[in-house]
Amino acid sequence: MEIPSVHHQDIRFKNLLITIKREDLIHPFISGNKYRKLTYNIDEAKRINATSLLTFGGAFSNHIAAVAYAGNMYGFKTVGVIRGEELALKTPLNPTLQFAKTCGMHLEFVSRAHYRQKNDDDFIDGLKSRFGNFYLLPEGGTNDLAVKGCEDILQATDNVYDYICCAVGTGGTISGLINASESHQKILGFPALKGDFLQQDIRKFANQDNWELITAYHFGGYGKIKPELIAFINQFKKAYHIPLDPIYTGKMLFGIFDLIDKGFFQKESKILAIHTGGLQGIAGVNQILKRKNQPLIEL
């Protein structure tokens, strides 16, 4: 996969300049950090002559959608092990899973109990007995090659920034940013999930200590939808013409704006926010919001 060029977009809030690195515009279907995580993994799968890719994800997984499209694009069969066997009974499938299926991905729905065994050797061996000898991509795509890909997000021209901010799911993206950053820079991660387990996951890959997780903006955890966040996303889109998703980037930008209000950043600080994509999930979230008779995310 080619390493793309990315443009920056400046916005101003409360006398501070925030630069948005528009990773979401890398590719129309393999967006943002998912493109970065797959770049070297796809190259490796080609090198070892793998014919299929297998990975894991939930109902609205950006990673599932990206792997499905990349597999179709580069000639791999793909298998997505999906958390929640009840999803197989829903017709039609939600937009994310329908997209993956349209790209040729076989969707293997498993119970949440079985899904928790996704890292166990016996579980993986069982999948190999069914689907053959596949190239394994972990949930969220985070492995050594994915972190290497995320290191490419930062370029030499980004050294002028004091703070680099990103949303955090499995920890691969922030690990790459940490490794590629300069010692004078502080990396701030905004987890989409509750819990402090990410510290350990990030330390497996990160080679510097210039980072911090800001844990106050998960809005109840992964996939939780709060009206306050939806309102912010819509206001942000109207003001700056930049779409955000409610799982990752919306929470990050909400957090950055709130921290500015609270005086967290020193005056004249230069802030770089990484837009990691994930916009494909908006259609599915809007389906949920519509059923609850709540305001939708404006597209």
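Position numbers for residues start from 1 in each chain and track the written sequence from start to end. Local features in a predicted model are, by the rule used here, given only for residues with pLDDT of at least 70; side-chain atom pairs are given and counted only at 80 or more, and totals for whole chains, interfaces and linings are based on all residues. Only heavy atoms go into the side-chain values, all of them from the structure, while hydrogens and water stay out.

Paired strands, as defined in this entry, are two strands with at least two bridges between them according to DSSP. To qualify as a helix, a DSSP run of H or I must reach at least 4 residues; to qualify as a strand, a run of E must reach at least 2; elements of each kind are numbered from the N terminus. Sheet analysis places strand E1 (residues 8–13) next to strand E2 (residues 16–22), joined by six bridges and oriented antiparallel. Opposite His 8, over in E2, you have Lys 21 as the bridge partner. Remark: two residues form the turn of the hairpin made by E1 and E2, two consecutive strands paired antiparallel; Lys 14 in that turn has positive phi of roughly 50 degrees.

For side chains of opposite charge, pairing can occur when their charged atoms come near one another. Here, a salt bridge means any side-chain nitrogen of Lys or Arg that lies within 4 Å of a carboxyl oxygen of Asp or Glu. With the rule as written, the count across this model stands at twelve salt bridges. A salt bridge links Lys 262 to Asp 258, with the nearest nitrogen and oxygen atoms 2.9 Å apart. Overall, Lys 262 belongs to the exposed group, its relative accessible area being 62%. Burial classes: relative accessible area under 20% of the type maximum marks a residue as buried, over 50% as exposed, and values in between as partly exposed (1.4 Å probe, protein chains only).

Attention shifts here to a negative patch on the surface. Together, Asp 120, Asp 121, Asp 122 and Asp 125 give the surface a local cluster of negative charge. Locating Asp 121 in the fold gives a position in helix H5 (residues 121–131). Assessed through its relative accessible area of 61%, Asp 121 is described here as exposed. Candidate patch residues must exceed 30% relative accessible area and have no salt bridge, after which like charges are joined if within 9 Å and Val, Leu, Ile, Met, Phe, Trp or Tyr side chains if within 5 Å. Note on areas: these come from Shrake-Rupley sampling with a 1.4 Å probe, and a residue is covered only by the protein chains present in the view. In this count, Lys and Arg are taken as positive residues and Asp and Glu as negative ones, while His and the chain termini are left out. Every charge is mapped to an atom, namely NZ of Lys, CZ of Arg, CG of Asp or CD of Glu.

Moving on, we get to the packing of helix H2 (residues 62–74) against helix H3 (residues 95–102). In a packed pair of helices, the relevant descriptors are the angle between the two axes and the axis-to-axis distance. Comment: axis = line fitted to C-alpha atoms, over the contacting stretch for helices; angle = value between 0 and 180 degrees taken between N-to-C directions. For the pair H2 and H3, the least separation of the axes is 8 Å and the interaxial angle reads 15 degrees. Of the possible angle classes, the one that applies to H2 and H3 is roughly parallel. With respect to the hand of their crossing, H2 and H3 are arranged in left-handed fashion. Of the residues in H3, those touching H2 at Ile 64, Ala 65, Ala 68 and Tyr 69 are Thr 96, Phe 99 and Ala 100. In the scheme used here, Gly and all other residues not listed as nonpolar or charged are polar, with Ala, Val, Leu, Ile, Met, Phe, Trp, Tyr, Cys and Pro taken as nonpolar and Asp, Glu, Lys and Arg as charged. Classifying every residue of the contact of H2 with H3 by side-chain character gives six nonpolar, one polar and no charged. Here roughly perpendicular refers to angles of 65 to 115 degrees, roughly parallel to angles under 35, roughly antiparallel to angles over 145, and oblique to all remaining angles. By the definition used in this description, the sense in which the near helix is turned from the far one sets the handedness, with an anticlockwise turn below a right angle giving left-handed and a clockwise turn giving right-handed. Any two residues having at least one pair of non-hydrogen atoms within 4.5 Å are treated as being in contact.

Pairing is mixed across the open sheet formed by six strands, whose spatial order is E1-E2-E10-E7-E8-E9. Edge positions in the sheet fall to E1 and strand E9 (211–213), since each has one partner strand and no second. Going from strand to strand, the sheet's axes swing by 25 degrees on average, the running direction of each strand aside. Pairing of E2 with strand E10 (residues 271–275), which is carried by five bridges, proceeds in the parallel orientation. Residue pairing in the sheet places Ile 18 in a bridge with Ile 271 of E10. Contacts between helix H7 (residues 172–180) and the sheet are confined to strand E7 (163–168), strand E8 (186–191), E9 and E10, with E8 contributing the most and set at about 175 degrees to the helix.

One open sheet holds the four strands; their spatial order is E5-E4-E3-E6, and the pairing between them is parallel. Edge positions in the sheet fall to strand E5 (106–110) and strand E6 (135–136), since each has one partner strand and no second. The pairing of strand E4 (residues 77–83) with E5 spans five bridges and is classified as parallel. Along E5, the bridge assignment pairs Val 79 with His 106. On the sheet, H2 packs against strand E3 (52–57) and E4 and is oriented at approximately 170 degrees with respect to E3.

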